Amino acid sequence: MLGIGMRARSRVRSAEDYLVAGRRLSLPLASATLFATWFGAGTMLTASDQIRAEGLGAAALEPIGPGLCLVLAGAFFAGRLWRMKLLTLSDFYRRRFGPRAEVLASVIMVPGYFGWIAAQFVALAGILELFWGIPLRHGLWLVAAVGTWYTLLGGMWSVTLTDAAQAALIVVGLAVLAATMLAKLAAAGGLDALVGSVPAEHLKLVPAGDPAALVGWLSVLAVGALGNIPGQDLAQRIFSARSDRVASLACVVSGVLYVALGLVPAFVGLAADALGVQTSRSTVPALAAALMTPALGIVFVLAIIAAVMSTIESAILAPSSVLAHNLLAKLEPRASTIALTKVAILGVAACSLGVAYSGSSAYELLESAYAVGMVGLFVPLVCGLHGRRGDERAALAAMAAGIGIWMAHLALGWDTFAGPWLDVPVPQELAATGIAWAAYEGLAVGAAYRRRWVIAPRLRGS
């Protein structure tokens, strides 16, 4: 993979090559890089552990939410964004709302990736500990160093070409896992053994009979499906496609593939007890170690490493592109974008490594990372892309209101809106997004009223 990344360096001749692969990706390459970027530790490792502990309902965050996100992006966002010929998603906020909106969007967006990257570091370091006995504290910096090296090599071209190879490894590894698991499950008594070993409530995808549980499940689904749409990693692949049609189709194709293949690790989480897998974490690699032959085990471990590494390099490059192009370039306008991006890559990797050492679980890191985009950036993106109403003040108010309310609840440890003050089971992510929308529309309607009924009559009178 490092050889492929180094070979890609010959394609980089400009900042556009480094950030968006020269806008030359075909449908297969665009689909492969989208799929491999998102199909990482969350889908391969974290989701199966969470489904084993909580049941099938945990699949709302992974893989259903991100898969639905890709389909929605292809249907409603990709074509319009591609036609704007942007380099980063923050460029959209500048062009539509103004420079202050660009800066605030960047400030919100960049730290939002630290948790996602940290989740990949934690998951892959866990693999090193499980199979090679490398202590987690050492595995974290080792994974971070290799992932950063990958990303520095050739920018988006390097990421795309290695993603394509890694996507092939992921598909092969999941095919091996599915065949092995089904064969072992048939020998253990088939579906009857699985149903008998799993609590009945763990087999329900959507909670039934409990309105509060249903609202909570829908909130998690919304975080996964909507929180990823205003993300630079998704936008970067949309901008890299060779046409608006390729950008839209690539999102839909990768979304369908994401959910279909993501069901394999999800099923592992349900079947682990029936197959006698005894482990407190990392269900998928533990099952591979227990049930596969050494040769098949090697293939599958390579697939896991490929999946996580592809996500790491893409996740590091995305916020680094925003940090360099939309923030650092304003401080050092004479510096080249490529040089600034490489400096930003080192900074993003270091910050993410610090978050990884914080001790949070991978699932918590993923959920927080997805929520940032939903509460802070989703409303102005949708309103600005699909409507004419709203100015810079409306966008700034929506961003500040959404991210402010979400961070306040996070600091106080409240999962529902207003916590103990308001006895209503409304998840705080949904409430923050709703308040952000109200702030945007309130200022947008007010500005339209002033232009029509206050400013226009004065101009006509003068």
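Rules used throughout
- Residues numbered from 1 in each chain as written.
- Predicted model: local features only at pLDDT ≥ 70, side-chain atom pairs only at ≥ 80, totals over all residues.
- Heavy atoms only, no water.
- Helix = DSSP H or I, 4+ residues; strand = E, 2+ residues; numbered from the N terminus.
- Rg over C-alpha atoms; globule rule 2.2 N^0.38 Å.
- Buried < 20%, exposed > 50% of the residue type's maximum accessible area, 1.4 Å probe, protein only.
- Contact = heavy atoms within 4.5 Å.
- 1 Å grid on protein atoms, 1.4 Å probe; cavity = no way out; pocket = protein on both sides within 12 Å on 5 of 7 lines; lining within 4 Å.
- Points joined across faces, edges and corners; volume = space filled by probe spheres on them.
- Nonpolar A, V, L, I, M, F, W, Y, C, P; charged D, E, K, R; others polar.
- Phe/Tyr/Trp six-rings, centres within 6.5 Å; stacked < 30°, edge-to-face > 60°.
- Salt bridge = Lys/Arg side-chain N within 4 Å of Asp/Glu carboxyl O.

Scanning the chain from terminus to terminus reveals 20 helices and zero strands. Its C-alpha atoms give the chain a radius of gyration of 22 Å, near enough to 23 Å, the size a compact globule of 462 residues would have. For the chain, the C-alpha atoms occupy an extent of roughly 90 × 60 × 40 Å along the three principal directions. Relative to its full complement of 462 residues, the chain shows a buried share of 55%. Relative to all contacts within the chain whose residues are 6 or more apart in sequence, the contacts with residues 24 or more apart total 83%.

Another point: the side chain of Thr 162. Tracing the sequence through the fold places Thr 162 in helix α9 (residues 136–187). In this structure Thr 162 comes out as buried when scored by relative accessible area, which is 1%. Among all residues touching Thr 162, those that are not within four sequence positions of it are Met 1, Ile 4, Gly 5 and Glu 313.

The next subject is empty space enclosed by the protein. Any empty space left between atoms is shown by rolling a water-sized probe over those atoms. In total, this model carries three cavities of 30 Å³ or more according to the counting rule given. Approximately 160 Å³ is the volume attributed to the largest cavity. When contributions to the lining of the largest cavity are tallied by element, the ones reaching two or more residues are α8 (99–132) and α17 (362–376). Each residue belonging to the lining of the largest cavity can be placed in one class, and the counts come to eight nonpolar, five polar and one charged. For the second largest cavity, the calculated volume is near 40 Å³. Looking at the second largest cavity, the residues that line it are Trp 38, Glu 62, Pro 66, Trp 116, Asn 228, Asp 233, Tyr 258 and Tyr 370. By residue class, the composition of the lining of the second largest cavity is five nonpolar, one polar and two charged.

Attention now moves to the packing of aromatic side chains. One pass over the structure, following the stated rule, counts seven aromatic pairs. Residues Phe 92 and Phe 97 carry aromatic rings whose centres are separated by 6.4 Å and whose planes lie at 90° to one another, so their mutual orientation is edge-to-face. Accessibility assignment for this pair places Phe 92 and Phe 97 in one class, buried. Note on Tyr 113 and Trp 116: the rings are 5.9 Å apart at their centroids and 45° apart in plane angle, and the pair reads as tilted. Of the two residues, Tyr 113 and Trp 116 both sit in helix α8, three residues apart, roughly one turn of that helix. You'll find Tyr 113 and Trp 116 in the same group, each marked buried. By way of ring pairs, the aromatic residues Phe 92, Tyr 93, Phe 97 and Tyr 440 are connected into one cluster.

On to the pattern of salt bridges, then. Counting across every chain of the model gives nine salt bridges. The partner of Glu 392 in a salt bridge is Arg 100, and the shortest N-O contact between them spans 3.0 Å. With a gap of 292 residues between them, Glu 392 in helix α19 (residues 392–412) and Arg 100 in helix α8 connect regions that are remote in the sequence. Residue class for Arg 100 comes out exposed when judged on its relative accessible area of 51%. Shared partners join several salt bridges into a network, and the residues in it are Asp 91, Arg 94, Glu 102 and Lys 330.

On to the environment of Ala 432, then. By secondary structure assignment, the location of Ala 432 is in helix α20 (residues 428–461). Linking Ala 432 and Trp 406, residues 26 residues apart in sequence, is a C-alpha distance of 5.9 Å.

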